[in-house]
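Reading the structure
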Protein chains: 2
Amino acid sequence: MKLSTKGRYGMKAMFDLALHGGKSPLPLKTIAERQEISEAYLEQLISSLRKAGLVNSVRGSQGGYKLAYPPEEITVGSVIRTLEGSMAPSACVTEEKPLDCKKADSCVIRPIWEKMRESVDNVIDSITLQDMLEDYNNQSQ
Amino acid sequence: MKLSTKGRYGMKAMFDLALHGGKSPLPLKTIAERQEISEAYLEQLISSLRKAGLVNSVRGSQGGYKLAYPPEEITVGSVIRTLEGSMAPSACVTEEKPLDCKKADSCVIRPIWEKMRESVDNVIDSITLQDMLEDYNNQSQ
DNA sequence: TTATACCCGAGTAATTCACCAGGCTTTACT
DNA sequence: AGTAAAGCCTGGTGAATTACTCGGGTATAA
């Protein structure tokens with residue numbers, strides 16, 4: 001049940017944006033170097049995040065990326081789900097279009113997959129980038 | 001974050017053993033047919049379950065498999081973890097030997113992976129095959 | 001002794017992962 | 001106006017993983 005690098009790198013990049021991002025956009029290269037991620041690969045990931053509306057881009061020289069919302073409005077869940085899809089352990093319990101299975105009604109395993117998904121969703125939807133920033137600041141004391 | 005077929009098929013097989021297993025062992029073929037799983041593939045999975053001590057095997061004619069413990073003593077977690085490994089979303093937060101990362105101390109993402117793992121573990125460790133049997137029996141009313 | 005069933009290792013097609021390459025477009029700065 | 005810095009986009013690719021299959025063992029009830 002590991003996440004792929006998409007979710008992990010994506011979280012690093014988003015936190016980097018929250019921590020180092022200001023008024024002017026952060027170029028991808030800076031983020032990639034600081035987080036030690038392949039730039040070309042991170043470009044793909046941040047492209048998904050942009051299409052999902054989580055970051056904004058500024059093209060051209062001096063361009064880069066910025067969070068589309070203040071850190072307290074961006075949850076870990078929205079980032080991870082954008083890059084990894086549903087947290088459902090089985091296709092029959094995704095939020096959006098659960099794969100329908102004839103035996104869904106009588107299946108005793110399905111409710112277990114559902115609980116797993118819900119419990120993961122609860123965790124990741126309850127943490128925002130702002131929470132992470134605060135943890136980071138408290139740490140350095 | 002999907003489980004592979006190992007975990008999913010393995011759960012089906014274990015529940016089948018709990019539901020249909022009696023004093024005499026259930027042959028793999030029967031389980032595979034009833035659960036619509038490739039017999040040769042399921043053999044590999046149940047072999048892991050046997051090595052983990054969750055099922056016992058009886059060789060030879062009239063042989064098959066039985067649960068090694070009563071259903072109330074077998075958790076979903078023990079089955080899934082046997083077949084899938086740790087539920088950690090990142091290698092740095094596995095129960096047994098977390099991959100050590102120099103930045104582990106200062107990492108603000110790590111605690112999130114930890115919470116995810118814990119919450120999944122809580123769900124799957126709190127459900128036994130017996131619970132599933134009861135759900136199944138209540139359903140048919 | 002024979003049919004049934006578990007045991008085991010190797011092989012394999014298909015898919016996914018984690019990138020890389022290269023060209024195009026946009027824009028600030030000089 | 002020219003140039004360099006940046007994002008945008010498509011396609012390719014080697015390595016790993018997944019989900020099996022195959023073929024031969026070995027044990028044992030009948």
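Before going into details, it helps to say that this report is about the structure given with it.

Rules used in this analysis
- Every chain begins its residue count from 1, and numbering advances along the sequence as written.
- Here every chain gets a letter starting at A, and every ligand a number starting at 1, in the order they are written.
- pLDDT decides what is reported in this predicted model: residues at 70 or higher carry local features, side-chain atom pairs at 80 or more are listed and counted, and totals for whole chains, interfaces and linings draw on all residues regardless.
- Computation of side-chain values: all heavy atoms of the structure, hydrogens and water removed.
- The fit set for superposing copies consists of C-alpha atoms from residues with pLDDT of at least 70 in both; the fit itself is least squares.
- Whether two residues are in contact is decided by their heavy atoms, any of which lying within 4.5 Å being enough.
- What makes two strands pair is DSSP finding at least two bridges between them.
- Elements are defined by DSSP. Helices are runs of H or I of four residues or more, strands are runs of E of two residues or more, and each kind is numbered from the N terminus.
- Axis angles are defined between N-to-C directions and span 0 to 180 degrees, where every axis is a line fitted to C-alpha atoms and, for a helix, only to the segment in contact.
- Any angle from 65 to 115 degrees is called roughly perpendicular, while one under 35 is roughly parallel, one over 145 is roughly antiparallel, and all others are oblique.
- Only Asp, Glu, Lys and Arg are considered charged, only Ala, Val, Leu, Ile, Met, Phe, Trp, Tyr, Cys and Pro nonpolar, and every remaining residue, Gly among them, polar.
- Summed over both partners, buried area is the accessible surface (1.4 Å probe) that two parts give up on being assembled.
- The working definition used for a salt bridge is a side-chain nitrogen of Lys or Arg within 4 Å of a carboxyl oxygen of Asp or Glu.
- Any pair of nitrogen or oxygen atoms within 3.5 Å is treated as a polar contact; in protein, a donor-acceptor pairing is required on top of that, and neighbouring residues in sequence qualify only through side-chain atoms on both sides.
- Each residue gets one of three labels from its accessible area relative to the maximum for its type: buried under 20%, exposed over 50%, partly exposed in between, using a 1.4 Å probe on protein chains only.
- This arc is built from the directions going out from the helix axis to the C-beta atoms.

1. A few points about the relation of the copies chain B and chain A
Relative to chain A, chain B is turned by 180 degrees and slid 0.0 Å along the rotation axis, the superposed coordinates differing by an RMSD of 0.1 Å. Accordingly, the operation relating the two chain copies is best matched by a two-fold axis. No C-alpha of chain B approaches the rotation axis more nearly than that of Met1 of chain B, which lies at 2.5 Å. Take the interface residues of chain B: 100% of them recur as interface residues in chain A, which is what a same-surface contact looks like.

2. Some points on the pairing of strand 2 (residues 64-67) of chain B
All names here are of chain B. As paired strands, strand 1 (residues 55-58) and strand 2 are joined by four bridges and run antiparallel to one another. Looking at strand 2, one finds that Val58 is bridged to Gly64. With antiparallel pairing between neighbouring strands as the criterion, strand 1 and strand 2 make up a hairpin whose turn holds five residues, including Gly60 at a positive phi of roughly 85 degrees.

3. Concerning the packing of helix 4 (residues 76-84) of chain B against helix 5 (residues 110-125) of chain B
Residue and element names in this part refer to chain B. Taken N-terminus to C-terminus, the directions of helix 4 and helix 5 make an angle of 125 degrees; their axes are 6 Å apart at the nearest point. On the basis of the axis angle, helix 4 is oblique to helix 5. The residues of helix 5 that touch helix 4, namely those facing Val76, Gly77, Ser78, Ile80 and Arg81, are Asp121, Ile124 and Asp125. Each residue belonging to the contact of helix 4 with helix 5 can be placed in one class, and the counts come to three nonpolar, two polar and three charged.

4. As for the interface of chain B and chain A
Contacts between the two partners involve 36 residues from chain B and, on the opposite side, 36 residues from chain A. Of all residues in chain B, Met1, Val108 and Ile112 of chain B give up the largest surface area on contact with chain A, accounting jointly for 23% of the area buried on that side. Inspection of the chain B/chain A interface yields two salt bridges. Close ionic contact of Glu36 of chain B with Lys103 of chain A constitutes a salt bridge, the shortest N to O distance being 3.6 Å. Applying the counting criterion to the chain B and chain A interface returns three residue pairs in polar contact (both at pLDDT 80 or more). Elements represented by at least two residues in the side of chain B that touches chain A include exactly helix 1 (5-20), helix 4, helix 5 and helix 6 (129-139) of chain B. Sort the elements by how many residues they give to the side of chain B that touches chain A and helix 5 of chain B lands first, with eight residues.

5. Here's the deal with helix 2 (residues 28-35) of chain A
All names here are of chain A. The set of residues buried in helix 2 consists of Leu28, Ile31, Ala32 and Gln35. Down the axis of helix 2, the smallest arc covering the buried residues is 95 degrees, so these residues share one side. Turning to helix 2, the residues buried within the fold contact helix 1 (5-20), helix 3 (39-51) and strand 2 (64-67). Backbone geometry just downstream of helix 2 places Glu36 in the positive-phi region, at approximately 55 degrees.

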